[in-house]
Each structure stands twice: as structure tokens, then as C-alpha cells.
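Coordinate analysis (summary)
One letter stands for each residue in the lines below.
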Amino acid sequence: MARRIDTYLAQLIDEDKLAFYEAVRDFGDSEIAPHLLQWERDHQLVPDSCLKAMGDMGLFGLPIAEEYGGQGGDHTDLCLMGLALGYHSQSVAITPGAAISLGAKPVQLCGTDEQKRAHLPALAKGERMFVFGLSEPGRGSDAANPEVTAVKSGDRWVINGEKCWSTNARWASHVIVHALTAPDAPNGKRSTCFIVPMDQKGVFYQEMQGKKVWEQSSTGQIMFDNVEVGSDAILGRENDGFKVMVTTLNGGRLFIAALALSSLAFALDKCRVYAEERIQFDNKPIGRFQRVQDVIVDMDIALERGLTWLMHCCKLYNADQLSRESAAKVKVDCSRTTSELIMLAMEICGGVSCFDEFGLIRHHNDLFVTRVGEGSNFALKDLIVRPLRK
Ligand SMILES: Cc1cc2nc3c(=O)[nH]c(=O)nc-3n(C[C@H](O)[C@H](O)[C@H](O)COP(=O)(O)OP(=O)(O)OC[C@H]3O[C@@H](n4cnc5c(N)ncnc54)[C@H](O)[C@@H]3O)c2cc1C
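Below or above, wherever it landed, is the structure these notes cover. (Residues numbered from 1 in each chain as written. Predicted model: local features only at pLDDT ≥ 70, side-chain atom pairs only at ≥ 80, totals over all residues.)

Let's shift gears to helix α10 (residues 360–372). Looking at α10, one finds that the buried residues are Leu360, Arg362, His363, Asp366, Leu367, Val369 and Thr370. Down the axis of α10, the smallest arc covering the buried residues is 160°, so these residues share one side. In this structure, the buried residues of α10 make contact with α5 (90–110), α7 (241–277) and α9 (324–349). Among the residues trailing α10, Glu374 stands out with phi positive, at a value near 55°. (Buried ≥ 20, exposed ≤ 12 C-beta atoms within 10 Å, placed from the backbone. Helix = DSSP H or I, 4+ residues; strand = E, 2+ residues; numbered from the N terminus. Arc of directions from axis to C-beta. Contact = placed C-beta atoms within 7 Å.)

Encoded structure:
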């Protein structure tokens, strides 16, 4: 059976991009789907062999310029990868996804030429991985004012405090630390980003335990105990750290929208097949009930609308014309709509939805992350409302 998402993408992207999407989709079908249930039941993170295979395919370097060893692609390619891999597993998709959109992108967007040359080639190969150290135990949505501090001492900086929710921490070579450097400056001008090696003296990592979403993705706490770095570790400008983070999140939010739509694409295909196979009353399929059809049709509408909107936003992003509000809106809408629909999708499939091997419960759980990750939807509405109040 052809995937519904493939039909829509064929109308929205050119032949080269479609061929790329299909190659990643086929990789997901052969290298991820057959193993996923076992990884889940064994509580295993994405295995090293899978990371290596994704690296060999060039997935970690998609939007990195060829002169820095990347594929020279764009943000559309990144989101197509999210759509293709997320169909089976958001956990797997977010691994190269966050490595690029939250790890390599800030270096690409805000790094000096020296920093780009030092890091991008290894990041593009997947040999190095950066994590995005914005969130802290006491600083989630209110991220502009970190509790992690960096204090200048001569020509060195001394970093102290704790980051959490750091995706990919398990495999990280470096963390981009967002730290308070000018407590008395105006809001948004108080912090600086530093590139800190994970093996630097005073850096400690531990995996966050008990997480029941994105189960194959690594999520870590990273502690800093008098960690010393030089000014060459600063990413972007001193006291402009929040700008680095916010610029990065614009692209990251498009990737989160792609993950939400990948789960919807899976749920739609699963439900439309199940509704024709499941027989109840008068020896006929449940797909004949109009209320069941309603759910399937609403999922189909949401998928076509979401993909069309997302591909449009990617084009704007590639042309450096996407506003923060637009990136937030597509993330809010895709995550909210899909997470509401998946509950209905599970309801029309009935009790079988409870089982891991049926797949819907995994997407249900993972869709929660798309509502809070890279900016909670409720908090993002503060941003979206601004132009409406002018
Ligand atoms: C699996 C996972 C992976 C993550 N990966 C990363 C990562 O790699 N790097 C990183 O830095 N962070 C990461 N995060 C953190 C994520 O960005 C935060 O969870 C998010 O910013 C929300 O912060 P919080 O959870 O502390 O919620 P809080 O800020 O405590 O907010 C809780 C709730 O309060 C309400 N609220 C808060 N502020 C407002 C507001 N202004 N207006 C209206 N309502 C509001 C909302 O309902 C919100 O959901 C990850 C999170 C998860 C779950």
C-alpha cells in the first residue's frame, strides 16, 4: 500500500528531493522498523551501528556546506529526513535531527570561520556531536535568564551550574552552554554561549532516568563544576547568547513540526488499513461507519495541510525569510493537531492500540514531546500574539 504521505510529498517537492526522501524512507523500512520493538523492549538507545549507518548515508551533514564536508543541502532536506525516519520512530529521527538543527546549525549560523573549520567537518560525518544546552532544572520556558553562570577570570571564563533535557548527551563531544554573563544587562542581553568539550575537567553527564517518550533518544543532565574555557570558546558575541539560541530554535521548530507530521502519516496509514480489516457487526468492516471515516478524513486533511505549510516554511527558511512567529505557528499547529488526532486514531482502532507492536502508543507518547519541546506551545503563543497586538 502506498503511503499517503508519499502522494502528498510527490506534489510538493522536486524529483531530486523526492529521491532523497525515498532513500531515507527505504533505510528506515529496512534498518529501523524491523528492530524498533526490540530496542524498545530492551530499553536501548539508538544503537551505535544505526548511528554509524546514518553517518555513512551523510544524514548528519545534510544542510552543512560542501566546503565544510557536508552535503550542501538545505532545511527542506532536514525536514524530509524527519518525515522519513519519524514515520517509524521519532526517537531515531531526532538523533541526527537534533545533532544538526540544535548542534551543527548554531555553529553554521553564528560560528567564526575558525570554529566552523574546527568542528563542521567532523559534525557532518557524525564523528562529533554537539548538544544544545539551553534548558535547566529551574529554567524551561524562561530560558533567557540562565542560572548557569560564566564568570570572567583574567582571560578565562569559569562555568558553574546544571543543564538538563540535553538531547544526544550520551554521544556528545561538546555542549553549547548558554550561561549568564551580565546579570544586570537588559533582558535578552545577559547571557553568552560557550562551546565546551564534554571531556573537559569539571563536566559531568548522566542520562535522565524514567523518560517514557522518545525512548531511543538520549536525554542527559550535564553538570559544570568550575569549568574553565577561553574566550575562543564563545559562540556568537559576548552577551548575545540568547540570540544564538533563538536563531537556532527557528529551524529546530520546523523539524519538530516534521516529526509531528511523520507520526500522523504513520497513524493515518495504520488506521485506514485497520478500518478495512476489522470486522464488527453484520460481518462488515468498521470503515463503513461514518464516525470512523470522519477521523480518517480529518487525519488526511491535517496531513496534507501540515505538509504543504511545512514545505512552504522550509522554502522561506532556506531564503532566510522565515519569521520567528511563522516557525512557532507551524510547530504549534502541527503538534497540537496531530496529538489530538492520534487519540481519536487510537480510539477507532480500539484495544489493540494499547500494544507496543501496533505502533500507535509509541507515536502517541512521542507526540507529547512535540507540544513542549523547543518551546512549549502555550509559551510560544506569547510570541505568536505579538504582531496581532501592534
Ligand atoms: C524529550 C525532551 C528533549 C528535550 N531536549 C532539549 C535539548 O536538547 N536542549 C534543551 O535545551 N532543552 C531540551 N528540552 C527542554 C524543552 O525545550 C523544555 O521542556 C521546554 O522549553 C519547556 O520547559 P519546561 O519543561 O521547563 O516547562 P516550563 O517552562 O516549566 O513550563 C510548564 C508549562 O507552563 C506553561 N507556561 C510556561 N511559560 C508560559 C508562558 N509564557 N505563557 C503561557 N504558559 C506558559 C506551559 O503550559 C508550559 O508547558 C527537551 C525536552 C524534552 C521533553
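Now that the structure is up, let's keep going.
With that settled, the discussion passes to the site of the ligand. Residues in close proximity to the ligand total 24 residues, the closest being Leu134, Ser135, Gly140, Ser141 and Ser376. Partitioned by chemical class, the residues of the shell around the ligand number 12 nonpolar, 10 polar and 2 charged. Residue contributions to the shell around the ligand reach at least three from each of two domains, namely domain 2 (131–241) and domain 3 (243–389). (Near = placed C-beta within 6 Å. Nonpolar A, V, L, I, M, F, W, Y, C, P; charged D, E, K, R; others polar. Domains from an automatic or database assignment.)

Okay, helix α1 (residues 4–12) next. Inspection of α1 places Arg4, Ile5, Tyr8 and Leu9 among the buried residues, and these make up the whole buried set. Within α1, the buried residues cover an arc of 125° as seen down the axis, which keeps them to one side. In α1, the exposed positions angled more than 90 degrees off the buried face are occupied by Thr7 and Gln11. In this structure, the buried residues of α1 make contact with α2 (15–41), α4 (75–86), α7 and α8 (290–318).

Worth remembering: the numbers are spatial, not functional.
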